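Chain and residue survey
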Amino acid sequence: MTVGSLCGDSAHSINVNQHTLGHINCPACERSRLVTASSLSASMPFSVAAAVWLDSRSFRVSGLVTSQYVRKSTEDSYKKYINSLNLFFADLPLNSIHLGHLRQYQHARAQGSAPFANRRRPNGKQALGFCPVSPEKCNKEIGTLKMILRRAGCWTQEMEDFY
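Here we summarise the structure given alongside this text. (Residues numbered from 1 in each chain as written. Predicted model: local features only at pLDDT ≥ 70, side-chain atom pairs only at ≥ 80, totals over all residues. Heavy atoms only, no water.)

Some remarks on the packing of aromatic side chains
Our working rule: To pair, rings of Phe, Tyr and Trp, with the six-membered ring standing in for Trp, must have centres within 6.5 Å; the planes then decide the type, stacked if under 30 degrees apart, edge-to-face if over 60, and tilted in the middle. Throughout, exposure labels follow a simple rule: accessible area from a 1.4 Å probe, protein chains only, divided by the maximum for the residue type, with under 20% read as buried, over 50% as exposed, and the rest as partly exposed. Each helix is a run of DSSP H or I of at least 4 residues and each strand a run of E of at least 2, with the numbering of both proceeding from the N terminus.
Under the criterion given, the structure shown has six aromatic pairs. Seen from their ring centres, Phe88 and Phe89 are 4.8 Å apart, and the 65 degrees between their planes marks the pair as edge-to-face. Assessed through its relative accessible area of 25%, Phe88 is described here as partly exposed. Geometrically, the ring pair formed by Tyr105 and Phe116 is edge-to-face, given 5.4 Å between the ring centres and 90 degrees between the ring planes. Taken together, the residues Tyr105 in helix 5 (residues 99-111) and Phe116 in the loop between helix 5 and strand 3 (118-119) connect sequence positions 11 residues apart. One aromatic cluster is present, built from ring pairs that chain together Phe46, Phe88, Phe89, Tyr105 and Phe116.

So, the nonpolar core
The condition that has to hold: Remark: nonpolar core denotes a set of buried residues (Ala, Val, Leu, Ile, Met, Phe, Trp, Tyr, Cys) joined through side-chain atoms within 4.5 Å. In what follows, a contact means two residues having at least one pair of non-hydrogen atoms within 4.5 Å.
Core analysis: the largest hydrophobic core is formed by 29 residues, its most contacted members being Phe46, Leu94, Ile97, Leu145, Ile148 and Leu149. Broken down by secondary-structure element, the contributors of at least two residues to this core are helix 3 (46-55), helix 4 (72-89), helix 5 and helix 6 (135-151). Look past the residues within four positions of Phe46 in its chain and what remains in contact with it is Ile82, Leu85, Asn86, Phe89, Ala90, Leu92, Leu94, Ile97, Leu145 and Ile148.

Here's the deal with the packing of helix 4 against helix 5
The relative placement of two packed helices is expressed as an angle between their axes plus a distance between the axes. Just so we agree on the cut-off: Axis definition: a line fit to C-alpha positions, over the contact stretch in the case of helices; interaxial angles, taken between N-to-C directions, run 0 to 180 degrees. Definitions for this section: a left-handed crossing has its near helix turned counterclockwise from the far helix by less than a right angle. A right-handed crossing has that turn clockwise. Charged means Asp, Glu, Lys or Arg here, nonpolar means Ala, Val, Leu, Ile, Met, Phe, Trp, Tyr, Cys or Pro, and polar covers whatever is left, Gly included.
Two numbers describe how helix 4 lies on helix 5: the axes approach to 11 Å, and their chain directions differ by 115 degrees. The interaxial crossing formed by helix 4 with helix 5 has right-handed handedness. Each of Ser84, Leu85, Phe88 and Phe89 in helix 4 lies in contact with helix 5, whose residues at this interface are His101, Gln104, Tyr105 and Arg109. A per-class count over the contact of helix 4 with helix 5 returns four nonpolar, three polar and one charged.

Structure follows, in structure tokens:
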């Protein structure tokens, strides 16, 4: 792909995938920066933003993971944290999430109340029941939320003061 082909000007073609010597004014590096920096919007629902954020933690070529910023076990943990966060925040736009939401999330997780009630047996024959988590796990989930909100520019000073 070239800048010229995007603008319809073949005389001024610059290959945006080509690195320059020493990466000075490098089109490939600049393209990478723009894609990474603009990947999250404050108006995105949490569920969409979380998926984009998680995907940004790996380099992908034609859908294949070629390199990762994080270990596989860390990525698996992030997926679990995001699944829990989605139960509470899924449809909320990132810029709507505030301190009160974080406190209520912690409260619900600590008690294991809705939406975190779960079946205690894998066969599904037992009724839904409370499924509380440890403070450590809840803090890791909030930490993941914090990374996503920071990337979108939605982590506020008020949140920083308390988390």
